Structure formats: structure tokens, C-alpha cells
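Descriptive analysis of the structure
Chain residues, written in single-letter form:
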Amino acid sequence: MQHNWTIEQRITKELRDLIVAGELEPGIRVRYRDLAEQFGVSVTPVRAALRELAHEGLIDARPNSANYVSPLSLDEIEQLYLTRMGFESWLARLGAPRMSSQDLAVMEERLQVFQRAAEERDSECLLDTAWNMRVGCYEAADRPGLVQKAADLYDRSRRYTHRTLMVDSRYNRSTAVAKAFYGACLEHNGDLAAETIRRALEVTFQDLLGMIDPATNGQVAS
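These figures come from a predicted structure and were not determined experimentally.

This next bit is on the nonpolar core. With 45 residues, the main nonpolar core has Tyr81, Met107, Cys137, Tyr138, Phe181 and Cys185 as its most contacted residues. Of all the elements in the fold, those that place two or more residues in this core are α4 (74-95), α5 (101-119), α6 (123-140), α7 (144-164), α8 (169-186) and α9 (190-209). Top element by residues in this core is α6. It accounts for 9 residues.

Here the focus is the packing of α5 against α8. Relative orientation of the contacting elements α5 and α8 amounts to 170 degrees, with a least axis distance of 10 Å. By the angle between their axes, α5 is roughly antiparallel relative to α8. Across the interface between the two elements, Leu104, Met107, Glu108, Leu111, Phe114, Gln115 and Ala118 from α5 touch Tyr171, Ser174, Thr175, Ala178, Lys179, Phe181, Tyr182, Cys185 and Leu186 from α8. Here the contact of α5 with α8 is built from residues that sort into 11 nonpolar, 3 polar and 2 charged.

The next thing to look at is the packing of aromatic side chains. If you walk through the whole model with that rule in mind, you get 2 aromatic pairs. When the centroid spacing of 5.6 Å and the interplanar angle of 65 degrees are considered together, the rings of Trp131 and Tyr138 count as edge-to-face. For the pair formed by Trp131 and Tyr138, the shared burial category is buried. Centroid distance Trp131 to Tyr154: 5.2 Å. Interplanar angle 35 degrees. Geometry classified as tilted. One end of the pair, Trp131, is in helix α6; the other, Tyr154, is in helix α7, and 23 residues separate them in sequence. With respect to class, Trp131 is no different from Tyr154; both count as buried. Three or more aromatic residues link up through ring pairs in this structure, and these residues are Trp131, Tyr138 and Tyr154. Looking at Arg47, its charged tip hangs above the ring of Tyr32, at a distance of 4.2 Å from the centre.

With 20 residues, α9 should reach 28 Å at 1.5 Å per residue; the first-to-last C-alpha distance of 28 Å fits that figure. Those residues of α9 not exposed but buried are Gly190, Ala193, Ala194, Thr196, Ile197, Ala200, Leu201, Thr204, Phe205 and Leu208. Looking straight down α9, one finds that the buried residues subtend no more than 165 degrees of arc, so they occupy a single side. Structurally, α9 contributes buried residues whose contacts are with α4, α6, α7 and α8.

Close contact between α6 and α7 brings their axes to 11 Å; oriented N to C, the two are set at 160 degrees. By the angle class used here, α6 and α7 are roughly antiparallel. In the crossing of α6 with α7, the sense of the turn from one axis to the other is right-handed. The segment α6 lies against α7, with Ser123, Glu124, Leu127, Asp128, Ala130, Trp131, Arg134, Val135, Tyr138 and Glu139 engaging Val147, Ala150, Ala151, Tyr154, Arg158, Thr161 and His162.

As summarised here, the arrangement of the 3 strands in space is β1-β3-β2, forming an open sheet in which the pairing is antiparallel. The open sheet is flanked by β1 (29-30) and β2 (59-61), the only strands paired with a single partner. For β1 and strand β3 (residues 67-69), the ladder comprises 2 bridges, and the chain directions are antiparallel. Residue pairing in the sheet places Arg29 in a bridge with Tyr68 of β3.

What counts and what doesn't
- Residues numbered from 1 in each chain as written.
- Predicted model: local features only at pLDDT ≥ 70, side-chain atom pairs only at ≥ 80, totals over all residues.
- Heavy atoms only, no water.
- Core = buried A, V, L, I, M, F, W, Y, C linked by side-chain atoms within 4.5 Å.
- Buried < 20%, exposed > 50% of the residue type's maximum accessible area, 1.4 Å probe, protein only.
- Helix = DSSP H or I, 4+ residues; strand = E, 2+ residues; numbered from the N terminus.
- Axes fitted to C-alpha atoms, helices over the stretch in contact; angles between N-to-C directions.
- Parallel < 35°, antiparallel > 145°, perpendicular 65-115°, else oblique.
- Contact = heavy atoms within 4.5 Å.
- Nonpolar A, V, L, I, M, F, W, Y, C, P; charged D, E, K, R; others polar.
- Phe/Tyr/Trp six-rings, centres within 6.5 Å; stacked < 30°, edge-to-face > 60°.
- Lys NZ or Arg CZ within 6 Å of the ring centre and 35° of its normal.
- Expected span 1.5 Å × (residues − 1).
- Arc of directions from axis to C-beta.
- Left-handed = near helix turned anticlockwise from the far one by under 90°.
- Pairing = 2+ DSSP bridges.

Written out as C-alpha cells, the structure reads:
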């Protein structure tokens, strides 16, 4: 798919992807001029990109104009995942009974893409498809404001979820969850869809808690 992105949007996306994938590690300093040289642009679009990423919580902007990749922290894990459990389970509960046959056909196609990504251990495709698969259910809930908030939280969670995928068994578990969620939607069972999503987020939350290093003041071990 072609995107008519501005320079600022392109740089924002590329930096976001690098942070989520862990290629720009938590705590590392990012400098305007270095990034401008890397992307072959002036510092102006780089400043705009870093402002947007700071708004998303991925960049820690200091008063002296120094910018750092935000640390992975217990506080953020709790905020993101506990909020997602509420939003996404509610959207699933409302959306599953309302899904049309066309919605379900699209979900089935995306499930197949998800399974291939899991088999190939393609974490980026997996994270993209995980959201694309479930958003059809959420949109059926007819709560666009909540869906947008859930999407924002999902994007902010990606670098945490990405870390759980460093454990190979996580791919098989994620596939089982995706199949179970599709099955609940196919049955138009809102309660089961909600419980499937809530339980999956709870397990990821617990996995992340296990990565907390008490010696780092509640930051996730790199």
C-alpha cells in the first residue's frame, strides 16, 4: 500500500519502528543532527518527529534539549496493559455479537496472515496483523472514540509486546489466542471474546512483570 506521507511522518514512523524493535535501545540519546544526517534531511522534520514521539511516550525530552529513548518501566506497563484490558475486553464484548459475515471473512483472512507470521517468526508482521485482526470486531461495537484510544494504547504497547516475542514459545501461544478469538467472534459470543482478550492481555502483562529488574528501579531489563 502506498502512503502519501510527509517527510515528518516518514521519519516519525521509521524512528517509531526502530524504537519498538529495540534497535534504538531504551536510554540511548538521540541527537537532531545525527538523525538529520542519517535520513538526509534538515533538522526541522527531525524535531517535529521527536516532538510527536515524545507525545507518544517513546522519547523522553529533557529541558536542556537532550532527547533520549524512554526507558521501559513498570509504571508504563501497568498503565498500558491494565487500561487495555478494560477497553479491549469491552469492545470485544460489544463487537462480537454484531459482526457481519463480511467482517468475519476479513477476520479469517487476517488470521491466516497472522498464522504465517507466527510460523515465520516475523514479529513485526505479527504485531501488525494482531491488531488488524481484532479491530474488525472492535469497530463492530460502534464506539469509534474507544477504538481510537485502544489503537493508540496498542501502538504504545508494541515495544513491550515485542520483547515478549523474544521467547519462541510466545508465537505458538499467540496463535492459539488468535484462533480462540476468531472462534468466539464466529459464534457471536461477546462474553467469550471479551474473556479471551482479557486473559491474553493478562498473560502478556504477567510476562512483562517477570522481566522487571528490581535493581533498575522498576525498569525492564534490556
